[in-house]
Amino acid sequence: MIERWFRVLADLTYRHYKSIIVVSILLTVFCSFFVFKLVRRLETDIAALIPDNYQSVKTINEIKKRVGGVGSLVVLVQSPDFEANKRFAEDFVKELQGSEYKKFVNFIDYKRDVAFFKKNALLFMETGDLEEILARVEDRITLEKLKLSPMYIQLDEGEAEEDALDFSDIEAKYKGAEEGDDTYYTNRDRTVLAIEAMPAGTVSNIGFAKEMHSKLKEAANQLVPLSYHPQMVIEFGGPFKNKIDEFDTILSDIKSTLIFGLIGVVLILTIYFRQPL
């Protein structure tokens, strides 16, 4: 009985193979539409794979509510002329403060508030260094008080007066190597200046990430970087750009797998039936 059904099926396949191939192609095209829609909603954010009741997911959602997005898009301005890089950065930031970019950018970080750090420098020092400074000041106060006493005898009268309080060793510890610019985020030779755009959306939303990247790239091109310096180059990086690259790589792999799979099926059918389509 089973053998009979297989013979009937084989006979139908042999007689109507063209119709079967056409129907298969139509079904493949129809299903590919839904596969493409599924890929468009592909989620590369690991938080989406974790249950919503996990504390880590709750924390991320709370951050999103307070600051808008998680991650950033970094714009790198590169040229041998630091002053040209600065001019472009200032004009670019001014451009992004326009109303048309508010749906993409919450705020921009591209230079340090040097005055604030200088004013509050002691707040950023280690406790041990603060205690050392206090000890040196107290020792000097004690010495100066002794000098005012009529019982004080200076044994080294022939020598020069003691130097003023010296904190150069502690200052050197925090000053570090002279690298880059004090105000702007640059590399050591100041040929690269970084601008970090904080998004209004989340990095898990690939559609938003691509739209934001496209908008900022368009804004940079409108300023014509080469008009600032003939060798100026604008590049993008950061978590948002990485997610976009990851998505494009996954999509490319899926497309190539689908194409090779279809070609393989067609070749198998052609070889099996030993005749061209």
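Residues numbered from 1 in each chain as written. Predicted model: local features only at pLDDT ≥ 70, side-chain atom pairs only at ≥ 80, totals over all residues. Heavy atoms only, no water.

Caption draft 1: The arrangement of the pattern of salt bridges in detail. Taken as a whole, this structure holds eleven salt bridges when the rule is applied. Note that D129 and K173 form a salt bridge whose closest N and O atoms lie 2.9 Å from each other. Of the two residues, D129 sits in helix α6 (residues 127-148) while K173 sits in helix α7 (residues 168-175), which places them 44 residues apart along the sequence. For K173, a relative accessible area of 46% translates into the label partly exposed. Here R136 and D169 are joined by a salt bridge, their closest N and O atoms 2.8 Å apart. With R136 in helix α6 and D169 in helix α7, this pair connects stretches of sequence that are 33 residues apart. Of the residues examined, D169 reaches a relative accessible area of 43% and is grouped as partly exposed. Salt bridges here are not isolated pairs; linked through shared partners, they connect E126, D129 and K173. (Salt bridge = Lys/Arg side-chain N within 4 Å of Asp/Glu carboxyl O. Helix = DSSP H or I, 4+ residues; strand = E, 2+ residues; numbered from the N terminus. Buried < 20%, exposed > 50% of the residue type's maximum accessible area, 1.4 Å probe, protein only.)

Caption draft 2: View of the nonpolar core. Counting residues in hydrophobic clusters, the biggest one holds 33 residues, and the most contacted among them are F88, F92, I195, M212, L216 and I234. Those elements that provide at least two residues to this core are β1 (73-78), α4 (82-96), β2 (105-109), β3 (192-199), α8 (206-222), β4 (233-237) and α9 (239-273). It is α4 that provides the largest number of residues to this core, a total of seven residues. Those residues within four positions of L216 in sequence are excluded, and the remaining contacts are L73, V75, F92, L96, V105, A197 and F236. (Core = buried A, V, L, I, M, F, W, Y, C linked by side-chain atoms within 4.5 Å. Contact = heavy atoms within 4.5 Å.)

Caption draft 3: Layout of the pairing of β3. As defined by bridge partners, β1 adjoins β3 across six bridges and the pair is classed as antiparallel. Residue pairing in the sheet places L76 in a bridge with A194 of β3. In terms of strand pairing, β2 meets β3 through four bridges, oriented antiparallel. Residue pairing across strands places I108 opposite A197, the latter belonging to β3. (Pairing = 2+ DSSP bridges.)

Caption draft 4: How the structure looks around the packing of aromatic side chains. Summed over all chains, the structure comprises nine aromatic pairs. Taking the centre distance of 5.6 Å and the plane angle of 80 degrees together, the rings of F116 and F117 count as edge-to-face. Of the residues examined, F116 reaches a relative accessible area of 42% and is grouped as partly exposed. Relative accessible area serves as the criterion here: at 41%, F117 is assigned to the partly exposed category. (Phe/Tyr/Trp six-rings, centres within 6.5 Å; stacked < 30°, edge-to-face > 60°.)

Caption draft 5: Structural context of α6. The end-to-end C-alpha distance of α6, which contains 22 residues, comes to 32 Å, matching closely the 32 Å that a straight helix rising 1.5 Å per residue would cover. Looking only at α6, the buried set comprises D129, I133 and L143. When α6 is viewed along its axis, its buried side chains cluster within an angular range of 90 degrees and face the same direction. Residues of α6 that are exposed and point over 90 degrees away from its buried face: T127, E131, K145 and L148. (Expected span 1.5 Å × (residues − 1). Arc of directions from axis to C-beta.)

Caption draft 6: Fine view of the packing of α4 against α8. At a minimum axis separation of 10 Å, α4 and α8 run at an interaxial angle of 130 degrees. On the basis of the axis angle, α4 is oblique to α8. Crossing of α4 over α8 shows right-handed handedness. Where α4 approaches α8, its residues F88, F92, E95 and L96 are matched on the opposing element by L216, A219, A220 and Q222. (Axes fitted to C-alpha atoms, helices over the stretch in contact; angles between N-to-C directions. Parallel < 35°, antiparallel > 145°, perpendicular 65-115°, else oblique. Left-handed = near helix turned anticlockwise from the far one by under 90°.)

Caption draft 7: The arrangement of α8 in detail. Along its 17 residues, α8 runs 24 Å from first to last C-alpha, staying within 8% of the 24 Å computed at 1.5 Å per residue. Turning to α8, its buried residues are I206, F208, A209, M212, H213, L216, A219 and A220. Down the axis, α8 shows its buried residues gathered within 160 degrees of arc, on one side only. Remark: V224 follows α8 within two positions and exhibits a positive phi of approximately 55 degrees.

Caption draft 8: Summary view of the packing of α6 against α7. The geometry of α6 relative to α7 is characterised by a closest axis approach of 11 Å and an angle of 160 degrees between their N-to-C directions. In terms of their interaxial angle, α6 and α7 are classed as roughly antiparallel. You can see that α6 and α7 cross each other, and the crossing is left-handed. Judged by residue contacts, D129, E132, I133 and R136 of α6 engage D169, I170, K173 and Y174 from α7.

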